[in-house]
Amino acid sequence: MHKGEPRVDQAGQTKVVGRLAPSPTGRMHLGNIYACLAAWLGVRSQGHGGVLRLRIEDIDTPRVVKDADCWIMDDLAWLGLDWDGEVVYQSQRADAYTQALNQLESQQLVGGQPLIYPCFCSRADIRAASAPNEGDGFIVYPGTCRGLSPQVVSERLARAQRHSLRIAVPDQPDEPDAICRFDDLIFGPQSFNLPRQVGDVVVKRSDGLVSYQLAVTVDDLAMGINQIVRGRDLLRSTAIQMWIRNHLQPQAPRVQYAHLPLIDGVDGRRMSKRFGSPDLGSLRRDGWSSRQVLGVCGWLLGLLDRPRPASAQELLDGFTWNTLAADRRDRQLDLSGLNVSDTKPSL
Ligand code: GLU
C-alpha cells in the first residue's frame, strides 16, 4: 500500500492518481463499465504521468459474490482497461479501518460533542423520526442518539444493546464548517449543508462491519488517490467523505472529483446488478466485442457521435471532462435499438 503523499513527476507536477473501485457483487454492467472507462480516461489522458489503482470494494461481505472479483478483473483486461500496481482488497484492510475509527473516536466537535457516538436506533425508528427526504432514498439521521447522556449510553453498552457508530456533523446549519464545498469537474461548484442535507452518517454498522463511507475515505487517503470518478448519485457522499477526511488527515492533498450522469435502462430504472441490466457475461456470450462495448460507453460519455466500435486507446484521443460538463443529463440506454457497427449509422 502506498503512502498518502502526492506523487510528483520529474517536472515537479502532481501526478493524477485515480482508482477503479468496483464492488464484487456480480458481473459488471454497462453502467459500471462506463464509470471505469471514465476513470481510466481521466488518468491515461495524462500520458505517462498518471497512476490508476484497482480496489475491490468487498467490505459489505453479505453482498459479495464468490469469484466476482476475478470476473471483474477478467472483464477489465478483456476491455483493455489496465491498472497499475497491486490490487487492494478492502476485506484485507480491517486494521487500517480500526485505527482510523480509534483516531476519530478521540476527537470532539466544538462544544464537546464526541465526533463518534453510538446509535441504538433501528431502521424503523429512524424512518419514523425522519422528515420526508429528497426522493433519492437518503434519510438524514434525525439525531435521536446524539444527545443521550453518558450514563444512558454506558448502561446500554453494558447491556450489549445492538448499536452502530455514527460520525457527528456540526449541528447548526449556520456554523462555518457546516457547509462543505467542492468543485466537480462535471457538475461544477457544489455546496452541501452537512446538518440539513447529510446528517450524522454510520461509520460502523450494527453488524460490526465498517461502512462504505469510512472504508472508502480511509483507502482513498492511504492510496494517495487524488482523482475520484463515480456516479452523480454519490455527490452527497463526497460531502461526508470530505468531512471524515478532514478529521483523519486535515493536510491531505485535495482531490479532484468527477461525478458522472447516471445511465438508465429502457424501463427508466437505473442500470443495476439487482435489476438484471445487461452485463458483460451476457454481452460476451451474445458475441459483443470489447470494441463494441467500449463504443457504447464512449458514446454515453459524449466522446462519439454515435455508438460505433472503438478501443480505449482510440477514445483517449481528445478526451476532456468538458464534453461531459456540457451535457450532464442522465442517459437512457436501449440496447435493443442499438446498432453498434462500423458501417451503418445507428439510432
Ligand atoms: N464500489 C462502489 C461501486 O461499485 C464505488 C464507490 C466509489 O466510487 O466511491 O459503485
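Residues numbered from 1 in each chain as written. Predicted model: local features only at pLDDT ≥ 70, side-chain atom pairs only at ≥ 80, totals over all residues. Heavy atoms only, no water.

## Remarks on the side chain of Q227
As for its position among the elements, Q227 is in strand β9 (residues 227-231). Here Q256 takes part through its side chain, which lies 2.9 Å from a polar atom of the side chain of Q227. (Helix = DSSP H or I, 4+ residues; strand = E, 2+ residues; numbered from the N terminus. Polar contact = N/O pair within 3.5 Å; in protein donor to acceptor, adjacent residues only side chain to side chain.)

## Quick word on the site of the ligand
Near the ligand, the surroundings consist of R19, A21, P22, S23, E57, Y212, V216 and R230. For the ligand, a nitrogen atom lies 2.6 Å from a polar atom in the side chain of E57. Class assignment of the residues belonging to the shell around the ligand gives a composition of 4 nonpolar, 1 polar and 3 charged. (Near = heavy atom within 4 Å. Nonpolar A, V, L, I, M, F, W, Y, C, P; charged D, E, K, R; others polar.)

## Here we look at the environment of K15
Position of K15 relative to the elements: it lies in the segment before β1 (17-20). The partly exposed category is assigned to K15, whose relative accessible area is 23%. Considering only alpha carbons, one finds K15 and I228, 213 residues apart in sequence, at a separation of 13 Å. (Buried < 20%, exposed > 50% of the residue type's maximum accessible area, 1.4 Å probe, protein only.)

## Overview of the sheet that holds strand β4 (residues 116-119)
Spatially, β4-β5-β8 is the arrangement adopted by the 3 strands of the open sheet, whose pairing is antiparallel. Across the chains shown, the open sheet's two edge strands, defined by having one partner strand only, are β4 and β8 (202-204). This sheet shows a mean twist of 45 degrees between the axes of neighbouring strands, independent of strand direction. As judged from the 4 bridges shared by β4 and strand β5 (residues 164-167), these two strands associate in the antiparallel manner. Directly across from P118, in β5, lies its bridge partner L165. Of the strands in this sheet, β4, β5 and β8 are in contact with helix α3 (residues 94-105), which crosses β5 at around 60 degrees. (Pairing = 2+ DSSP bridges. Axes fitted to C-alpha atoms, helices over the stretch in contact; angles between N-to-C directions. Contact = heavy atoms within 4.5 Å.)

## Comments concerning helix α8 (residues 235-248)
Its 14 residues place the ends of α8 20 Å apart at the C-alpha level, agreeing with the 20 Å of an ideal helix rising 1.5 Å per residue. Of all 14 residues in α8, 13 are buried, a share of seventy percent or more. (Expected span 1.5 Å × (residues − 1).)

## Points about the pairing of β5
Regular strands place side chains that alternate from one sheet face to the opposite one. Neither face of β5 is open: one carries S164 and R166, the other L165 and I167, and all of them are buried. Both β5 and β8 contribute to a ladder of 2 bridges, which runs antiparallel. Each residue of the ladder has a partner; that of R166, found in β8, is V202.

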